[in-house]
Structure formats: structure tokens, C-alpha cells
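Given next are the chains, with one letter for each unit.
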Amino acid sequence: MTEYGRGPGSEPWHPADPLYGDQGWEGQQQYPQQAQYGHQDPYGQGHGGHGGHGGQEQGYDAQYQQPQAPQQYNDQQYVDQTYGGQAQEYDTPGYPAQQYDASWESSQAAMSYGTTPADPYGGQNPDLYGTPEAYPPPQPPGRRQEPPEPVTDWEAEEPEEERHPFFTGEDGPEDDEEPAGNRSSRGGRDRRGKGKGRGGKGRKSKNGVACLVVALVLVGGVGGIGYFGYQFWQGQFGDAPDYAGSGSGSVQVEIPRGALGYDIGNILKKAGVVKSVDAFVSAQQKNPKGRSIQAGVYTLKKEMSAESAVSLLLSPASQANFVIPEGKRNAWVYDQLDKRLDLEAGTTKDIAKAKANDLGLPDWAKNHENVKDPLEGFLFPASYPVAKGNKPEDVLRKMVGRANQEYGKLDLEAKSRQLGLKGPWELVTVASLVQAEGKTHDDFTKMAEVIYNRLSPENTETNRLLQFDSSYNYLMGQSKIKIGRDEINSNPDPYNTYKQTGLTPGPIGNPGAEALVAALNPTKEGWMYFVATDGMSKTEFARTLADHDKLVEKFNASGSN
């Protein structure tokens, strides 16, 4: 509240009050500084008690006004100035008279107007408005400014307006116009024949091309979706891709042991026989004999229907396996392998001789004296997948491996001792002789008994001579039925059982499983002799030499000689 105060009524502030409205701002009329107060009641109430004050003159000095500009009031200062030149006393009812001290006012008004006031705290506190970080001092209402806009370290970019002629519909710049720099570099020459009409037509055509490109993209997208959708449907619900017909050309494929439907299908697809694995598996399942496809090498055709491929695999005509019949000698096997592998004659034989100990022979089959072929008896009679490009040593290794597998089933080591033989090697040799001389299963068991009886030390009929034509034929590399006595008796070779007692140095062929079983289980009927009375398939047996001579006469009578 100012010293003007309020009246008892509801009147507004006194108009002369500096805080009434904005009269104390904006450079309004200032009330001149009086040397001293009159004797008028400062509150204008008409109450006494403040004697010694003159008329209604203001006693406010310039220190209560905000500085607006550097302005001096005629160098008027309040130093040592008193009201009326003397100390004034305020006489307030109910209070004792107090001496007015003019030194306070003089100390406050001693500085010129517009100058920086002295620090009332003696420099103990900093000036809160004098540092760069401080807020600016308050301003009068008329001079207050709008707060500054917040400053950001980035500017928001307005979305770029689309200017392409395709979207705006306007004519765009021609693509073939050159920049000014390019034209100047060519001597300032302008392109010729580029009139406005031609340029407008070009721009229209470019808009049409753009529409065409968009249309092609849409059509291509729809087409691609349709294609892949069709492929998915075909893969899930449609028939598997398949060729039609019985195919053409020729190709050999090898089906390994233990291969199933999908395995076979993959092999055929890679060879170009069938179009898809699923088509082959489906055809195999529909064929009642489809699951009976055997391992081996087959000659098939290119681009066959899956149904035709299954049928051909089940036909013996397609089987291109290399089959070794029971009793065949190694010489025949080598010759056939050279032909099958398209090698020079004698190649396989030379490899067999040089690498015999590296092809998988058991220890009991090595290092025997006077053996003509260490692999004889170990190229087991069976069907083998052999195709062009195979190496002879690889094929031979498979055959020896099969022989080891079959021999291992029979426990040749223990049973050979029971039969009076020196080991498995001699047992295989007996089986090869049985295989060479016998024709049927009954022949094999009787033939085995003949061999064991002639090998017996108690044999006085032949004196431990086997006298088998088959051993001499092996020696000579032939297969004669009738051999002259002089020829046989003149050849001292260890394989000539007419001259050498006991067994041959080694097998004379490759015995099959049946001959092996017969060698292990001979009859015990006393057979000592035999004669192929028809010269081919019929063999008859005798216990004595007299019965043998009768069989010889029968043979001669048949004209087989």
C-alpha cells in the first residue's frame, strides 16, 4: 500500500498514486521533487497528527521510478537535504513524537538518476542480472516483448512436392536436352529439328510409355503370383511330373544293395531315366512286384515314363550285372571284365597278379606254393554291378569281399580239421573239385565222399591219386571230356592229379555255395569211382574198380567219346 492509502469508501486508487494504472510508466508526467512536504495530511483524510507538512505536494524522489533513459534532473541531489531544513517530527496520535531522520533519504538519493545503484549487501551476493546465464531484468508493462520462439538445432523439412509429369499431368523436360555446359562444350551448337510440336508429342509418348511400363509390371506381378500358386498346388495336390512313353537311347545305372524306392528314384532321375522321384515311387508302389527290384546294373532308356522304368527294372532283359556262374575259372572272369570295362585284353589278369595281396584275401589264402592264381576260388560266383568306368581292382575287390563273407558263414577253419584237411585253403580246393566234376546236388555230396576216400592213407584202389580230368584241363586251360592216357601221364605238373598224389596246390575254379556245403557234408556210402555216362549231365558212381569198368563201357556205348 502506498502512502496515499485508501479512503473509507470504495473509491479507486488515488489518480496521483504512481501505481495507479500505468501512469508511472511509459514516460508519463513525473511529479517534481519538492524540497519538503507541506503540512497537508499525506493520506488526504483530513486527520491531524502530521504537522509541519505543507500542501499536497509529493515527497517522492526519483529513486522510486524505474530508469528509462540516462536522464538527470538538473543535477538535483538529495544530499544533506531536509524537509524545511530541519529534522521533522511525525506526530501520530497514541504514539510519542519521533524525530524524522533525513539522513536515510539522503543516503538513498545521493546518486544521480540512471546510475547503477550501490550494492546494499556490500558485494556479498552476486548481481543476479549481470551474468550471461541470468534472466533479463523485469520490464515495464508497456515495454514487455513477446517471449522468443524456441530455438531448435534442426529444421523440419517440408514434404517435397511431386513434380513428375506422370503425376502432375504437366509436360516434363525432354530427356534428350543437354545441359548448357554440354552445349557450350560443343561450340554452342543446339540440337536441330526440336520444335515445340515435336517436343510436346514426345512428352505425351513418354507418359504413355510410363503407363505401359506400370501396366506390364502389374500384369507380370499377377502372372508371377498365379504361376507360383499353380506350382504350389501341383506340388501339394497334383500328379508328379513324368515323361510319356518308353523312352529312347540307352543308359546304364547301378542300383546299390539296400537301396529303397526314393534311393532308386534319385539314381534314375540323375541318369535322365525318369523326370521326378515322386513319379517313380508312385509307379513302384502301384506295381505288385515293385518292391522286388534287386541290386545290380541295369540297361535302361532315357526319358522313360515311371511306369515303364519300373517294368524294365523288373525284367531280366535290363539286368546288365556281371554274373559269375558257379565253377568258372578266374581266366574267364578276367577276359569278361576286360570286355565289359572296354580294356585291352590281359589288363585285368595283370592287375590281379600284381595286386593279389591288396584285394582283401584272408591270411590263410596267402603264400601257398605252386599256386597258379592266388585269387582262384575267391571270385565268388554271384551278380556284380560292373559298368564302364569302373576300375578292375575295384571290381575284383568286391568279388573277394563277397567270398570272404560267404566263407565266413561256414566256419571253414574248424570244419576243415574235422574232415582231415590242413585248413580252409584245402577245403575250398575240395569244393572247387566237387563243383568241376559234379552236375547236381546229389552228385556234389557223392563227389565229396569220393575225394575224401581217395585222399585217405588207407586208399589202395588209387593209392591217393585223385585222377580228375578237371584238374588236368585247368592246367591246360581247356575243357575236354576225353583226354588221352599218354598225354596225361607225360605231364608232371603239380595240378596233374594223375601224376601227383593229394590235392592240387590250390582251387581250380570258383565254387558256389552248394558245392561248399557238399564239401562240408559228404555222403558216407563208400563211393570210390564215378563216370559221366552221357558225357554231359549224368554222373554215375561205383564203389569198386569192376563197377567202374562197367560204367566206362556204358559211356563208350553211348557214343559220347
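Placed above this text is the structure.
Scope of this entry: the structure provided in the associated data block. As the structure is a computational prediction, the values presented were derived from the model and not from experiment. (Residues numbered from 1 in each chain as written. Predicted model: local features only at pLDDT ≥ 70, side-chain atom pairs only at ≥ 80, totals over all residues. Heavy atoms only, no water.)

Moving on, we come to the packing of aromatic side chains. Taken as a whole and assessed by the stated rule, the structure comprises nine aromatic pairs. A ring pair is formed by Phe468 and Phe530, whose centres lie 5.3 Å apart and whose planes are at 85°; its orientation type is edge-to-face. Highlighted residues: Phe468 in the loop between helix 13 (441-455) and helix 14 (469-476) and Phe530 in strand 7 (residues 529-531), separated in sequence by 62 residues. We note that Phe468, like Phe530, is buried. Three or more aromatic residues joined by ring pairs make a cluster, and in this case those are Trp364, Phe378, Phe380, Tyr407 and Trp425. Above the ring of Trp527, the side-chain terminus of Arg543 is found at 3.8 Å from the ring centroid. (Phe/Tyr/Trp six-rings, centres within 6.5 Å; stacked < 30°, edge-to-face > 60°. Helix = DSSP H or I, 4+ residues; strand = E, 2+ residues; numbered from the N terminus. Buried < 20%, exposed > 50% of the residue type's maximum accessible area, 1.4 Å probe, protein only. Lys NZ or Arg CZ within 6 Å of the ring centre and 35° of its normal.)

All of the buried residues in helix 6 (residues 277-286) are Val277, Ala279, Phe280, Val281, Ala283 and Gln284. Capping the start of helix 6 is the job of one residue whose side-chain oxygen sits 3.2 Å from the backbone nitrogen of Ala279: Ser276. (Polar contact = N/O pair within 3.5 Å; in protein donor to acceptor, adjacent residues only side chain to side chain.)

With respect to the helices and strands, Ser305 occurs in the loop between strand 4 (296-302) and helix 7 (306-313). Taking the relative accessible area as the measure of exposure, Ser305 reaches 10% and is therefore buried. Apart from residues lying up to four places away in sequence, Ser305 is in contact with Asp242, Tyr243, Ala244 and Gly245. (Contact = heavy atoms within 4.5 Å.)

So, about the pattern of salt bridges. Applying the stated criterion to the full structure yields nine salt bridges. Ionic pairing is found between Asp335 and Lys339, a salt bridge with its closest N-O pair at 3.5 Å. Placement of the pair is Asp335 and Lys339 together in helix 8 (residues 330-340), with a separation of four residues, close to one helical turn. Using a relative accessible area of 33% as the deciding quantity, one classes Asp335 as partly exposed. Among the salt bridges present, the one from Arg402 reaches Glu406, with a minimum N-O distance of 3.2 Å. (Salt bridge = Lys/Arg side-chain N within 4 Å of Asp/Glu carboxyl O.)

Right, let's get into the nonpolar core. One broad trend across soluble globular proteins is that nonpolar side chains are buried collectively. Grouped together as the largest cluster of nonpolar side chains are 60 residues, with contacts concentrated most on Met399 and Ile451. Residue assignment for this core shows that the elements contributing at least two residues are helix 8, helix 10 (392-408), helix 12 (424-437), helix 13, helix 14 and helix 16 (513-520). For Met399, the contacting residues outside a window of four places in its chain are Phe322, Ile324, Val333, Leu337, Phe378, Leu379, Phe380 and Tyr384. (Core = buried A, V, L, I, M, F, W, Y, C linked by side-chain atoms within 4.5 Å.)

With that settled, the discussion passes to the side chain of Glu449. Structurally, Glu449 is set in helix 13. Despite its burial, Glu449 pairs with no opposite charge; the closest candidate is Arg543, at 6.9 Å N-O. Once residues within four sequence positions are removed from consideration, Glu449 is found in contact with Pro522, Thr523, Lys524, Glu525, Gly526 and Trp527. (Lys, Arg positive; Asp, Glu negative; His and termini not counted.)

This part takes up the layout of surface pockets. In this model, the second largest pocket occupies a volume close to 1,300 Å³. Along the walls of the second largest pocket sit 42 residues, with Glu437, Asp469, Ser470, Lys480 and Ile481 positioned nearest its centre. Of all the secondary-structure elements, those providing two or more residues to the lining of the second largest pocket are helix 12, helix 14, helix 15 (485-489), strand 7 and helix 17 (545-557). By residue class, the composition of the lining of the second largest pocket is 17 nonpolar, 14 polar and 11 charged. (1 Å grid on protein atoms, 1.4 Å probe; cavity = no way out; pocket = protein on both sides within 12 Å on 5 of 7 lines; lining within 4 Å. Points joined across faces, edges and corners; volume = space filled by probe spheres on them. Nonpolar A, V, L, I, M, F, W, Y, C, P; charged D, E, K, R; others polar.)

Taken together, the side chains of Val209, Val213 and Val217 present a nonpolar region at the surface, about 260 Å² in accessible area. Its location among the elements puts Val217 in helix 4 (residues 196-237). You can call Val217 exposed: its relative accessible area is 58%. (Patch = residues over 30% accessible without salt bridge, like charges linked within 9 Å, V, L, I, M, F, W, Y side chains within 5 Å. Areas by Shrake-Rupley, 256 points an atom, 1.4 Å probe, with all protein chains shown as cover.)

Our next topic: the environment of Pro424. Structurally, the position occupied by Pro424 is in helix 12. The spacing of Pro424 and Tyr407 is 17 residues in sequence and 8.9 Å in space, taken between C-alpha atoms. Once residues lying within four places of it in the same chain are set aside, the contact partners of Pro424 are Trp364, Leu412, Glu413 and Ser416.

A few words now on helix 16. It helps to recall that an α-helix has 3.6 residues per turn; residues three or four apart then point in one direction. Considered for burial, the residues of helix 16 that qualify are Ala515, Leu516, Ala518, Ala519 and Leu520. Along its buried surface, helix 16 packs onto helix 10, helix 11 (412-418), helix 12 and helix 13.

In this section: the environment of Leu260. In this fold, Leu260 is placed in the loop between strand 3 (248-255) and helix 5 (261-270). With a relative accessible area of 59%, Leu260 lands in the exposed category. Distance in space between the C-alpha atoms of Leu260 and Gln294 is 9.8 Å, their sequence separation being 34 residues.

This part is about the packing of helix 9 (residues 347-354) against helix 10. Across the interface, helix 9 lies against helix 10 with an axial gap of 10 Å and an inter-helix angle of 65°. In this structure, the crossing between helix 9 and helix 10 has a hand that is right-handed. Touching Thr348, Ile351 and Ala352 of helix 9 are Pro392, Glu393 and Leu396, all from helix 10. Residues of the contact of helix 9 with helix 10, tallied by class, amount to four nonpolar, one polar and one charged. (Axes fitted to C-alpha atoms, helices over the stretch in contact; angles between N-to-C directions. Left-handed = near helix turned anticlockwise from the far one by under 90°.)

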